[in-house]
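Examining the three-dimensional arrangement
Single-letter residue listing:
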Amino acid sequence: MLDLRIDADRSGRVSDTRYVLSDLAVGACLENMRIQGQSLGYTAHMETFPHPQDPLWAARIHWHRDTPHPTPEPLAAAITQRHTDRRFPWRGPIGADIQQRLTAQAESIAGQKLYWPTLPRERNAALRVIRQAETLRFKSPMLHEELFSTVRFSAGWRKVCEEGLAPATLAVEPPMRPLFQSLRHARAMQMLNLFGAASMLGWRSAGLPLKLSPGLCLLVTAGKERADVVAGGRALQRVWLEATLAGLSVQPYAAAGVLGLGFIPIESRYQDALSQLGDAMDALCAPGYGLVFLRLGYARSAVAFRNGRRALSSFGTKE
Ligand SMILES: Cc1cc2nc3c(=O)[nH]c(=O)nc-3n(C[C@H](O)[C@H](O)[C@H](O)COP(=O)(O)O)c2cc1C
């Protein structure tokens, strides 16, 4: 038996209010364990919470030894390969067969689906909402502080680290690095925002890469409860693993869906922008709710830097 708990020291901050990001991570983690267990001949029987008395207690898994012949699970091979790629441009197209494979993975989790904006009107609406959300992350001092606090500038631009975002994985062009690094200071960001820096960054981090990538899809959950978000995390992981097996590069954009849920306690002057974002996300694929966009395409080369992983021994306690 295994209990999965959200780490109180690493959760609950700004964008993780009501544990939205943690619940996505819980879902991804559960699915990884289930897939890996299955490939080793174990079936997972999962009770997913949150527990009524303990909001950090996310799930309990009971493992059962399968028949002597474990069911092969091709996704297991992709678990250690899956990573974020923030580079562009990417090649395409993403064929109908690949779209079907990814969609089938999302739909294998009850209540989850993928939305593929294909008409120019649909694609423009999606791009607009992603860009607005990314821009807000640089405008709101609270979101800005949270964003930059995850970047480990101490690792430099040529090393990775086992936790947090290594600057080397951010695909910032070498001449722009000093300026980008200076933006971690709230005052520098605020000053440059007087000249439209947040909009420029929204365009550079989302608008441009999305325009120069052939694929975009949105993971849609049935509802907005915590259990829906956990299920969304499970589907997200399966889609991303399948994309990895198909040789695709993936960059997730979660800000629009997460901020649009409306739980984030940011500055009152940005509350209007936040509720407009929520309305736009609600309209995009009602009656479901779009949680995480995935930018997809074929990169010309393998990434040089990937974020590391925490040592296994740093997780968990035995009882
Ligand atoms: C739910 C979720 C949301 C994410 N949102 C973003 C995002 O909005 N923009 C981005 O560049 N990366 C995003 N990422 C990528 C993470 O920063 C990345 O997964 C993490 O640093 C680990 O690196 P890896 O994916 O290479 O293992 C997201 C990842 C997840 C799982």
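Here the structure is a predicted model, which is why all the values come from computation and not from measurement.

**So, the overall build of the protein chain**
On a plain count of helices and strands, the protein chain comes out with 10 helices and seven strands. Against the 2.2 N^0.38 benchmark of 20 Å for 319 residues, the protein chain shows a C-alpha radius of gyration of 19 Å, consistent with a compact globule. Dimensions of the protein chain, computed from the C-alpha atoms along their principal axes, are close to 65 × 45 × 45 Å. For the protein chain, long-range pairs separated by at least 24 residues make up 78% of all intrachain contacts whose partners lie at least 6 apart in sequence. Roughly 16100 Å² of accessible area belongs to the protein chain as shown, and the carbon and sulfur atoms make up 57% of that amount. One finds the centroid of the 38 positive side-chain charges in the protein chain at a distance of 9 Å from the centroid of its 28 negative side-chain charges.

**Quick notes on the environment of A302**
The topology assignment puts A302 in the segment after β7 (289-297). Between the alpha carbons of A302 and D85 there is a distance of 9.1 Å; along the sequence they are 217 residues apart.

**A word on helix α4 (residues 141-149)**
By the burial criterion, the buried members of α4 are L143, H144, E146, L147 and F148. As for α4, its buried residues are in contact with α3 (120-139), α5 (177-182), α6 (186-193) and α9 (255-260).

**A short note on the packing of aromatic side chains**
Ring pairs (aromatic) are described by centroid distance and by the angle formed between their planes. Applying the stated rule across the entire model yields seven aromatic pairs. On the basis of an interplanar angle of 40 degrees and a centroid distance of 5.3 Å, the ring pair of F148 and F180 is categorised as tilted. Of the two residues, F148 sits in helix α4 while F180 sits in helix α5, which places them 32 residues apart along the sequence. No difference in accessibility class separates F148 from F180, as the two residues are buried.

**A look at α3**
Between its first and last C-alpha, α3 extends 28 Å over 20 residues, near the 28 Å set by a 1.5 Å rise per residue. Among the residues making up α3, those that are buried are E122, R123, A126, L127, V129, I130, A133, E134, T135, L136 and F138.

**Some thoughts on the environment of S301**
Looking at where S301 falls in the secondary structure, it is placed in the segment after β7. Under the relative-accessibility criterion, S301 is labelled partly exposed at 44%. For the pair S301 and S249, spaced 52 residues apart in sequence, the C-alpha to C-alpha distance is 10.0 Å.

The rules behind each value
Counting from 1, residues in each chain are numbered in the order their sequence is written. With the structure being a predicted model, the display of local features is reserved for residues of pLDDT at least 70 and the display and counting of side-chain atom pairs for 80 or more, all residues being used for whole-chain, interface and lining totals. The basis for every side-chain value is the complete set of heavy atoms in the structure, and neither hydrogens nor water enter the calculation. Only runs of H or I of at least four residues qualify as helices and only runs of E of at least two qualify as strands under DSSP, and these elements are numbered from the N terminus. We take the radius of gyration over the C-alpha atoms and set the globule estimate at 2.2 Å times the residue count to the 0.38 power. Two residues qualify as a contact provided that any one of their heavy atoms is within 4.5 Å of a heavy atom in the partner residue. Surface accessibility in these figures is a Shrake-Rupley result with a 1.4 Å probe; residues are shielded only by whichever protein chains are displayed. We count Lys and Arg on the positive side and Asp and Glu on the negative side, and we leave His and both chain ends out. Charge positions are represented by NZ for Lys, CZ for Arg, CG for Asp and CD for Glu. When a residue's accessible area, from a 1.4 Å probe over protein chains only, is under 20% of the maximum for its type it is buried; when over 50% it is exposed; and in between it is partly exposed. Stacked, tilted and edge-to-face are the three classes applied to pairs of Phe, Tyr and Trp rings, where Trp contributes its six-membered ring and a pair requires centres within 6.5 Å; stacked means planes under 30 degrees apart, edge-to-face means over 60, and tilted covers the rest. What a helix is expected to span follows from its residue count: subtract one and scale by 1.5 Å.

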